[in-house]
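Chain by chain, the residues:
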Amino acid sequence: MGRFGKKGRYSCFGFLAVLVLLLPYAMARGSRDGLSAMSGTLPHFLQEPDDAYIVKSNPIKLRCRARPALQIFFKCNGEWVHQNQHTSLEHTELGTGLKIREVMINVSRQQVEDFHGPEDYWCLCVAWSHLGTSKSRKATVRIAYLRKNFEQEPQGMEVPINGMIVLHCRPPEGVPAAEVEWLKNEELVSSIEDINIDTRADHNLIINEARLSDSGNYTCLASNIVARRRSATATVIVFVNGGWSSWTDWSECNVRCGRGVQKRTRTCTNPAPLNGGAFCEGMSVQKSTCTSPCPVDGGWAEWTMWSVCSSECERQRTRECTDPEPKHGGRLCDGVALDTDNCTGDLCIQDRKLLHDVKVPQADMDSNNDVALYSGLAAGVVTVVVLVIALTLYRRNQSEYGVDVIDSSALTGGFQSFSFKSARQGNPLLMNSSMQPDLTVSRTYTGPICFPDSMEKELIPEPALFDPLPDLKDKVHSSFMVSLGVSERAEYHAKVPSQTFPRGVVQEIGGGGGTLGGRGKSQLAPVQPALVSSMTTGKRPLRTNGVFGHGGGRLVVPNAGVSLLVPHGAIEEDTTWELYMSITQQDSSALSDEGQEILLSPEVTYGPPGLTLSCPVALTIAHCADVSSEDWNIKLKRQAQDNSWEEVMTVEEESTACYCLLDTQCCHLLVERPGCYALVGEALTQAAGKRLRLAAFGNMEPNFLNYSIRVYCVNDTPHAFQEVVSVERGRGGRLLEEPKTLLFRANSFNLQVSIQDIPQFLWSIKPFTTCQEFSFTQVWCSSQSPLQCAFSLERYSPAANQLSCKISVRQVKGHEQILQVYTTIAESEKDTVPFFTQSDCTITSQTGSRAFKIPLSIRQRICATFDTANAKGKDWQLLAQKLHIDRNLGYFARQTSPSAVILSLWEAQHQERGDLDSLASALEEIGKVQSKHSTSADTLDHISKTIPSSDSIMNRSSEELDTNHT
């Protein structure tokens with residue numbers, strides 16, 4: 001026993017003590033049981049102790065039941081449990097009379113924690129009978145627990161339809177080992193009910209073929225007897241890539257006669273892209289030119305030879321409607337196909353009389369008619385001869401007079417754009433010598449003009465950029481009053497803002513003595529071709545530049561409708577670039593050799609060529625096309641390194657290389673490569689049109705008797721009017737009427753300009769000079785060169801200082817515009833009020849937060865919200881839809897931050913209006929679409945409330961102006 005040590009000795013002593021206690025009891029029972037006891041067996045366990053787990057601090061019970069058993073004791077970790085810790089129950093089995101004994105003990109958490117053996121805490125039972133002992137199985141007792149952190153959590157994923165979904169999950173460590181279940185949208189996933197789902201492979205969730213219904217939020221749930229743990233939610237999105245449907249049939253040609261266009265369409269619905277699936281690549285609309293046969297009216301062929309005279313004294317001849325035959329719905333020939341005539345000659349008898357006798361009365365009547373006809377003709381010839389002689393004598397005396405219709409092909413020259421703003425609303429009496437129009441802001445185009453001088457004047461509303469002149473009271477005669485010499489005058493008031501033409505941006509073209517119309521004695525003074533050539537060649541481009549860094553900014557060519565927006569973060573940190581923009585004023589080379597394309601915008605270059613950006617820039621270019629119908633094929637072209645032009649995209653096509661948003665008056669481009677860009681267009685039908693800007697200027701000629709009125713027709717873009725303004729400034733011209741817009745169609749008809757309603761008693765214009773005409777080609781193909789015609793009026797007396805007339809500009813069989821002229825004639829140069837007022841508006845770039853309408857913090861939160869995928873798809877698509885930028889979404893899908901690019905395009909589109917209220921309304925509407933309890937909905941609601949309103953911006957700008965002024 002010594003080798004067992006002290007602990008072994010105690011065990012042996014305990015065992016002997018048990019035997020000593022049991023011996024008298026066994027002898028007594030042996031005497032009572034007699035022979036039945038002698039036939040007993042070894043104890044047989046009816047119930048052995050089971051493995052148990054201690055949960056928290058609750059003790060567990062171990063049970064043993066044996067038959068026949070004189071005594072049962074527990075032994076734990078090799079040591080006997082004290083008898084006082086046992087609870088025993090004994091009863092006799094009725095069938096056999098054998099004694100069944102049941103024993104229980106409690107094991108506490110403290111006992112298990114205090115045990116530090118090589119194995120788990122264990123206990124077994126030992127049962128005695130008179131034949132010997134039996135031992136039960138070992139039952140382990142362990143403290144139950146479940147840790148908090150999963151060893152591996154499932155990760156969200158995007159899977160194409162019919163693909164395999166595998167979500168991995170390794171539960172936290174625990175005793176006993178945790179069981180794993182899967183939840184989808186908080187509902188239990190069962191692999192029994194759905195054979196497409198397998199949850200048996202090492203706790204992983206496997207979906208063999210993904211379906212749209214499998215999209216959702218999945219959670220791994222681990223649990224044992226102690227606790228239950230949930231993993232992070234994994235969002236699974238099953239997406240569908242878009243596929244094109246079949247092409248529809250070609251539509252009918254949109255014209256009934258001649259060259260037109262037909263189209264066919266297809267939709268990205270086979271299948272439609274869902275849950276952020278890829279958009280269909282390619283065009284959804286195909287256009288093709290078509291020719292509809294024009295109706296051909298029938299025409300008569302030559303008559304046949306007369307037939308032989310019949311017995312009824314008649315002969316016949318026929319003709320056919322075959323020269324040409326009526327085709328394609330053309331009209332039939334008018335007239336008869338059969339002609340009948342009486343035969344002549346004495347041999348033909350009718351009603352027993354010679355035909356000569358029958359015809360005599362009719363012949364006499366015809367003879368009388370011929371005499372009257374010839375007499376009238378003779379009288380007419382005499383009258384015409386007299387008129388010709390009189391006209392010849394008159395023209396000999398007036399040899400210096402002009403012609404009736406003037407060909408203005410020589411009246412062309414280069415021009416630049418300018419912008420105009422209505423001086424007042426609803427007043428028919430627009431201009432006179434003492435009040436000139438504000439040439440700062442275009443009424444028809446709201447492109448960028450310039451930035452305020454003070455860098456502190458951020459977000460200043462447009463009217464605050466200009467200092468208005470004091471009120472002027474102007475008195476102007478009406479046309480009827482002027483013609484009658486009535487002294488009563490109509491009065492009105494107007495404020496005239498100062499002009500904001502920037503210094504150093506527009507070149508002086510045609511200086512003090514240079515004119516487009518020339519000066520001299522002739523009442524109609526056309527421009528000499530040599531002068532036009534000097535104006536249209538050798539012109540330097542308009543150019544502006546600025547230095548930009550990581551904060552981005554905006555660059556503007558003043559009064560040109562051209563701007564460049566560099567988003568925040570497009571330039572790397574600690575890096576600056578000097579960016580420039582220029583507008584080419586040379587004759588365009590972007591047009592194709594076929595001659596069917598025309599230039600619709602200026603050629604705009606931005607650089608430098610080696611510029612590297614992390615996201616696209618927004619380039620805004622004004623155009624003059626009428627895009628209200630589908631009669632144009634408009635293309636974006638870019639100048640290559642060899643100065644040739646390559647097509648970047650068609651405006652209507654889907655492209656991932658460039659994005660084009662075409663508004664009614666300008667085009668917003670998202671481009672990534674610096675270079676020279678221009679918009680060109682090809683008219684598909686005669687209904688295609690472009691906008692012309694019409695303006696009338698006037699000034700007194702040196703003799704102070706003649707007054708010259710010059711009418712210009714230029715493309716309706718801000719840049720296209722600058723050269724006209726520069727020339728008129730050099731010659732002291734005044735704007736006589738607010739510029740108006742005329743829609744000029746591609747129907748091959750000319751443009752006519754005429755002057756009307758001149759006061760006959762005060763002014764005169766020499767005959768045959770009241771109407772001038774431009775050919776269709778001159779107007780349609782004019783891009784950099786303005787069209788100009790001039791009218792020279794002579795007043796009868798220097799006292800006639802009021803002039804009123806109308807100038808009609810119309811396309812033959814097309815639209816017409818009326819320029820109404822009411823002006824007061826200045827008597828001397830000191831009375832002249834020039835309409836050009838030089839301003840100090842020279843800032844053409846803004847950097848940092850001042851250049852953007854959306855504050856940077858709000859912009860970042862919008863991007864963080866919408867760039868994140870969810871079960872319903874990518875939210876940036878909904879943002880684009882609500883901001884009406886829902887075409888060519890494939891371009892945004894390839895961007896790192898689609899929301900940031902969408903917001904940059906929105907900034908470019910609203911750079912002048914700055915309507916942040918519409919953005920806030922869009923975000924609020926999106927928040928309503930999302931679930932009310934979703935985090936994104938709460939975020940959107942908060943963002944929409946933090947966006948400042950337009951009124952607050954205006955108020956803040958006014959306060960800043962007041963502060964700066966003080």
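Cut-offs used in this document
Residues numbered from 1 in each chain as written. Predicted model: local features only at pLDDT ≥ 70, side-chain atom pairs only at ≥ 80, totals over all residues. Heavy atoms only, no water. UniProt positions renumbered as here; feature names shortened; annotations may be inferred. pLDDT = per-residue confidence, 0-100. Contact = heavy atoms within 4.5 Å. Disulfide = S-S within 2.5 Å. Buried < 20%, exposed > 50% of the residue type's maximum accessible area, 1.4 Å probe, protein only. Phe/Tyr/Trp six-rings, centres within 6.5 Å; stacked < 30°, edge-to-face > 60°. Helix = DSSP H or I, 4+ residues; strand = E, 2+ residues; numbered from the N terminus. Axes fitted to C-alpha atoms, helices over the stretch in contact; angles between N-to-C directions. Parallel < 35°, antiparallel > 145°, perpendicular 65-115°, else oblique. Left-handed = near helix turned anticlockwise from the far one by under 90°. Nonpolar A, V, L, I, M, F, W, Y, C, P; charged D, E, K, R; others polar. Core = buried A, V, L, I, M, F, W, Y, C linked by side-chain atoms within 4.5 Å. Pairing = 2+ DSSP bridges. Polar contact = N/O pair within 3.5 Å; in protein donor to acceptor, adjacent residues only side chain to side chain. Salt bridge = Lys/Arg side-chain N within 4 Å of Asp/Glu carboxyl O.

An unreviewed UniProt entry lists the protein under the name Netrin receptor UNC5, with Cyprinus carpio carpio given as the organism. Database annotation for the protein, UniProt heading Subcellular location (unreviewed entry): "Cell membrane". The Sequence similarities (unreviewed entry) field of the UniProt record for the protein holds the comment "Belongs to the unc-5 family."

Glancing now at the confidence of the model for the protein. Taken over all residues, the pLDDT of the protein has a mean of 75, while the share at 70 or more is 69%. Segment residues 953-966 is flagged for pLDDT under 50; beyond a separation of four residues in sequence, or across chains, it makes 18 contacts in the model.

Our focus in this paragraph is the state of the cysteines. This structure, assessed with the given rule, holds 8 disulfides. The structure places no disulfide on Cys 658, whose sulfur is separated from the nearest cysteine sulfur, that of Cys 660, by 6.7 Å. For Cys 658, a relative accessible area of 2% corresponds to the buried category. With no disulfide of its own, Cys 789 lies closest to Cys 713 among cysteine sulfurs, the gap being 6.4 Å. For Cys 789, a relative accessible area of 1% corresponds to the buried category.

With that out of the way, let us pick up the packing of aromatic side chains. Applying the stated criterion to the full structure yields 13 aromatic pairs. A ring pair is formed by Trp 80 and Trp 128, whose centres lie 5.7 Å apart and whose planes are at 35°; its orientation type is tilted. Taken together, the residues Trp 80 in strand 5 (residues 79-80) and Trp 128 in strand 8 (residues 121-129) connect sequence positions 48 residues apart. On the basis of relative accessible area, Trp 80 is assigned to the partly exposed category, the value being 29%.

Before going further, it helps to examine unusual backbone geometry. Along the chain, Asp 323 connects to Pro 324 via a cis peptide bond; the corresponding omega equals 0°. Among the secondary structure elements, Pro 324 is positioned in the loop between strand 24 (314-318) and strand 25 (338-342). Residue Pro 608 is bonded to the preceding Gly 607 through a cis peptide linkage, with omega at 20°. With respect to the helices, strands and loops of the structure, Pro 608 is situated in the loop between strand 36 (603-607) and strand 37 (617-622). A positive phi is found at Cys 313, a non-glycine position, where the angle reads about 65°. Note that Cys 313 resides in the loop between strand 23 (285-292) and strand 24.

On to the packing of helix 9 (residues 856-866) against helix 12 (residues 898-909). Helices that pack against each other are described as a pair by the angle of their axes relative to one another and the distance between those axes. As a packed pair, helix 9 and helix 12 sit with axes 8 Å apart at the nearest point and diverge in direction by 135°. The pairing of helix 9 with helix 12 is recorded here as oblique in orientation. Relative to helix 12, the crossing made by helix 9 is right-handed. Counted together, Arg 859, Ile 862, Cys 863 and Phe 866 of helix 9 and Ser 899, Ala 900, Leu 903 and Ser 904 of helix 12 form the full contact between these two elements. The residue makeup of the contact of helix 9 with helix 12, split by class, is 5 nonpolar, 2 polar and 1 charged.

Right, let's get into helix 10 (residues 875-882). For helix 10, the complete set of buried residues consists of Asp 875, Trp 876, Leu 878, Leu 879 and Ala 880. Within two residues after helix 10, His 884 carries a phi angle of roughly 60°, on the positive side.

Turning to the nonpolar core, a few remarks are in order. Within soluble globular proteins, side chains that are nonpolar tend to cluster in buried spots. Core analysis: the largest hydrophobic core is formed by 70 residues, its most contacted members being Leu 619, Ile 709, Val 711 and Ile 807. Sequence-distant contacts of Val 711, that is, excluding residues within four places in its chain, are made with Ala 695, Ala 696, Val 753, Leu 787, Gln 788, Cys 789, Phe 791, Ile 807, Val 809 and Leu 819. The next biggest cluster of nonpolar side chains, apart from the first, holds 33 residues, and it includes Cys 863, Phe 892, Leu 905 and Ala 908.

Residue placement: Val 562 occurs in strand 33 (residues 562-566). The spacing of Val 562 and Ser 601 is 39 residues in sequence and 10.0 Å in space, taken between C-alpha atoms.

Let us now look at the environment of Glu 816. Relative to the helices and strands, Glu 816 is located in strand 52 (residues 816-824). Those residues in contact with Glu 816 that lie beyond four places of it in its chain are Leu 742, Ser 808, Val 809 and Arg 810.

With respect to burial, strand 32 (residues 553-557) is a largely interior element, 5 of its 5 residues being buried. Neither face of strand 32 is open: one carries Gly 553, Leu 555 and Val 557, the other Arg 554 and Val 556, and all of them are buried. Counted along the chain from strand 32 to the antiparallel partner strand 33, the turn is 4 residues long, and its residue Asn 559 has a positive phi close to 55°. Examined bridge by bridge, strand 32 and strand 53 (residues 845-847) share 3 bridges and lie antiparallel to one another. What sits directly across from Leu 555, in strand 53, is Ser 845.

Glancing now at the sheet that holds strand 41 (residues 666-671). Taken in spatial order, the 6 strands of this open sheet run 40-41-37-33-32-53, and their pairing is antiparallel. The two strands at the open ends of the sheet, each matched to only one other strand, are strand 40 (659-662) and strand 53. Averaged over all pairs of adjacent strands, the angle between their axes in this sheet comes to 10°, without regard to strand direction. Alignment of strand 33 against strand 37, held across 3 bridges, turns out to be antiparallel. Across the sheet, residue Ser 563 finds its bridge partner in strand 37, namely Thr 620. In this fold helix 12 packs onto strand 32, strand 33, strand 37, strand 40 and strand 41, with an angle of close to 150° to the strand it touches most, strand 41.

Attention shifts here to the packing of helix 9 against helix 10. Running from amino to carboxyl end, helix 9 crosses helix 10 at an angle of 125°, the nearest separation of the two axes being 7 Å. As judged from the angle between their axes, helix 9 and helix 10 are oblique. Residues Ile 862, Thr 865 and Phe 866 of helix 9 lie in contact with helix 10, whose contacting residues are Asp 875, Trp 876 and Leu 879. Taken together, the residues that form the contact of helix 9 with helix 10 break down as 4 nonpolar, 1 polar and 1 charged.

The next thing to look at is the environment of Arg 67. By the secondary structure assignment, Arg 67 is in strand 3 (residues 60-67). Exposure remark for Arg 67: the relative accessible area of 23% places this residue in the partly exposed category. Residues Arg 67 and Leu 42, 25 residues apart in the sequence, show an inter-C-alpha distance of 8.3 Å. Every residue in contact with Arg 67, bar those within four places of it in the chain, is listed here: Leu 42, Pro 43, His 44, Leu 46, Glu 93, Leu 98, Lys 99 and Ile 100. Separated by 2.7 Å, the side chains of Arg 67 and Glu 93 make a polar contact.

Further remarks concern the pairing of strand 4 (residues 71-76). Most of strand 4 sits out of view: 5 of its 6 residues are buried. With 6 bridges connecting them, strand 4 and strand 8 associate as antiparallel partners. In the strand pairing of strand 8, Phe 74 is matched with Cys 125. In terms of strand pairing, strand 4 meets strand 5 through 2 bridges, oriented antiparallel. Residue pairing across strands places Cys 76 opposite Glu 79, the latter belonging to strand 5.

This structure, assessed with the given rule, holds 28 salt bridges. Each member of the salt-bridge network shares a partner with another, and the members are Glu 597, Lys 635, Lys 637 and Glu 647.

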